[in-house]
Amino acid sequence: MNTTILVIDDDRKLNELLSTYLSQFGMDVLTASHPDEGMALLRQRLPSLVILDVMLPGCDGFTVCREIRKQSAVPIIMLTARGDLPDRVAGLEIGADDYLLKPFEPRELVARIQTVLRRSGEAPPRAQTERVQAGALIVDFRSRMTWFDGTPLELTTTEFEILSLFLQQPGTVLSRDHIMDRVRGTDWEAYNRSIDVAMSRLRHKLRDDAKRPQYFKTIWGTGYMFLPIPQPVKAELTGG
């Protein structure tokens, strides 16, 4: 089955060029020149990855990224002509998986797409266990869905990948560098603040008190450790 890429960019010429170029790599490309059109295609076609421009008519790409994250953990690569570090960090913090500056080489975009898809699609070492529970938290690796106290959690792609990494290695201290390498890759060292932000948001969503942690214990000067030992559960327990 081909990979489906959704491009949301108001530059119609660029959309046509990307559609033609990416198709050479076995990708089916959907294009939208307006955010509303893009959100409709996202719901209808469930793409494998979204390429999202920052400068869009009606609202900016950051707003669209937030809206996407409310309903999907689909990987997102943001495009922008602005190379300011605050803009790049902002995109990563609200859930983007990569950030590419315009103008760019199409082959570099393909490489980044392949890297992000490979990273987001990696099967955990516990692949034979599709769903695990740790306290009030339940994670389904296949559907990439999570629940806390029976209520679905909205996690960004980065948050889900970090949580999955800890679930694979409970009781093990993971340094920020290790998390960055596994989740973002070494090219992301300049943006390691996004790891801190993701950890803070994960704690907040799991109602985890840093002073009396039930899930993530801070190991000062080193990193973090996931405390509970995940147990396999049956899918019907959450009704999913």
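Just so we're clear, the structure is a prediction, and the values are computed from it rather than from any experiment.

Let's shift gears to the sheet that holds strand β12 (residues 223-226). On the basis of which strands lie adjacent, the open sheet formed by three strands has the order β10-β12-β11 and antiparallel pairing. The two strands at the open ends of the sheet, each matched to only one other strand, are β10 (173-175) and β11 (216-219). For this sheet, the mean inter-axis angle between neighbouring strands, taken without regard to orientation, is 35°. Two strands pair when backbone bridges link them, and β10 and β12 are joined in this way by three bridges, in the antiparallel orientation. In the sheet register, Leu174 faces β12, and the bridge partner there is Tyr224. In the packing of helix α6 (residues 157-168) onto the sheet, the strands contacted are β10, β11 and β12, and the crossing angle to β12 comes to about 65°. Packing against the sheet, helix α7 (residues 176-183) makes contact with β10 and β12, and its axis sits at approximately 75° to β10.

Before going further, it helps to examine the pairing of strand β3 (residues 49-53). In terms of residue burial, β3 counts as a mostly covered element, since five of its five residues are buried. Of the two faces of β3, the one carrying Leu49, Ile51 and Asp53 and the one carrying Val50 and Leu52 are both buried. Here strand β1 (residues 3-8) runs beside β3; their pairing, made up of four bridges, is parallel. When the bridges of β3 are listed, Ile8 appears paired with Leu52. For β3 and strand β4 (residues 76-80), the ladder comprises four bridges, and the chain directions are parallel. Across the sheet, residue Asp53 finds its bridge partner in β4, namely Leu79. Note that the unit made of β3, helix α3 (residues 61-69) and β4 has a crossover that is right-handed.

To continue, consider the side chain of Arg203. Here Arg203 lies in helix α8 (residues 193-205). No salt bridge is formed by the buried Arg203; the nearest opposite charge belongs to Asp208, separated by 4.3 Å.

Now for the pattern of salt bridges. Under the counting rule described, the total for this entry stands at eleven salt bridges. One salt bridge in this structure joins Asp98 and Arg112, with 2.7 Å as the shortest N-O distance. Separated by 14 residues along the polypeptide, Asp98 in strand β5 (residues 98-101) and Arg112 in helix α5 (residues 106-120) bring together distant segments of the chain. You can call Asp98 buried: its relative accessible area is 6%. Assessed through its relative accessible area of 24%, Arg112 is described here as partly exposed. Residue Glu159 is joined to Lys205 by a salt bridge in which the shortest nitrogen-to-oxygen separation is 2.8 Å. Taken together, the residues span a long stretch of sequence, with Glu159 in helix α6 and Lys205 in helix α8 at a distance of 46 residues. Taking the relative accessible area as the measure of exposure, Glu159 reaches 2% and is therefore buried. Judged by its relative accessible area of 25%, Lys205 is partly exposed. Through salt bridges with shared partners, a single ionic network connects Asp9, Asp53 and Lys102.

Looking now at α7. Given 3.6 residues to a turn, an α-helix orients residues that are three or four positions apart in the same direction. Looking only at α7, the buried set comprises Ile179, Met180 and Val183. Viewed along the axis of α7, the buried residues span an arc of 100°, placing them on a single side of the element.

So, about the sheet that holds β1. Strand order in the open sheet formed by five strands is β2-β1-β3-β4-β5, with parallel pairing between adjacent strands. Where the open sheet ends on each side, the last strands, each with one partner, are β2 (27-32) and β5. Along the sheet, successive strands turn relative to each other by an average axial angle of 20°, direction set aside. Contacting β1, β2 and β3, helix α1 (residues 12-23) crosses the sheet at an angle of about 170° to β2.

Attention now moves to the confidence of the model for the chain. The share of residues in the chain with pLDDT of 70 or more is 85%, and the mean pLDDT across the chain is 83. Across residues 122-128 the pLDDT falls below 50, and counting only partners more than four positions away or on other chains, this stretch makes seven contacts in the model.

As for Lys205 and Phe148, which are separated by 57 residues in sequence, their C-alpha atoms are 8.4 Å apart. Setting aside anything within four residues of it in sequence, one finds Lys205 in contact with Phe148, Leu153, Glu154, Leu155 and Glu159. Polar contacts involving the side chain of Lys205 include one to the main-chain carbonyl oxygen of Glu154, which spans 2.5 Å. A distance of 2.8 Å separates the side chain of Lys205 from the side chain of Glu159, its partner in a polar contact.

Conventions used here
Residues numbered from 1 in each chain as written. Predicted model: local features only at pLDDT ≥ 70, side-chain atom pairs only at ≥ 80, totals over all residues. Heavy atoms only, no water. Pairing = 2+ DSSP bridges. Helix = DSSP H or I, 4+ residues; strand = E, 2+ residues; numbered from the N terminus. Axes fitted to C-alpha atoms, helices over the stretch in contact; angles between N-to-C directions. Contact = heavy atoms within 4.5 Å. Buried < 20%, exposed > 50% of the residue type's maximum accessible area, 1.4 Å probe, protein only. Right-handed = clockwise from strand over helix to strand, strands pointing away. Lys, Arg positive; Asp, Glu negative; His and termini not counted. Salt bridge = Lys/Arg side-chain N within 4 Å of Asp/Glu carboxyl O. Arc of directions from axis to C-beta. pLDDT = per-residue confidence, 0-100. Polar contact = N/O pair within 3.5 Å; in protein donor to acceptor, adjacent residues only side chain to side chain.

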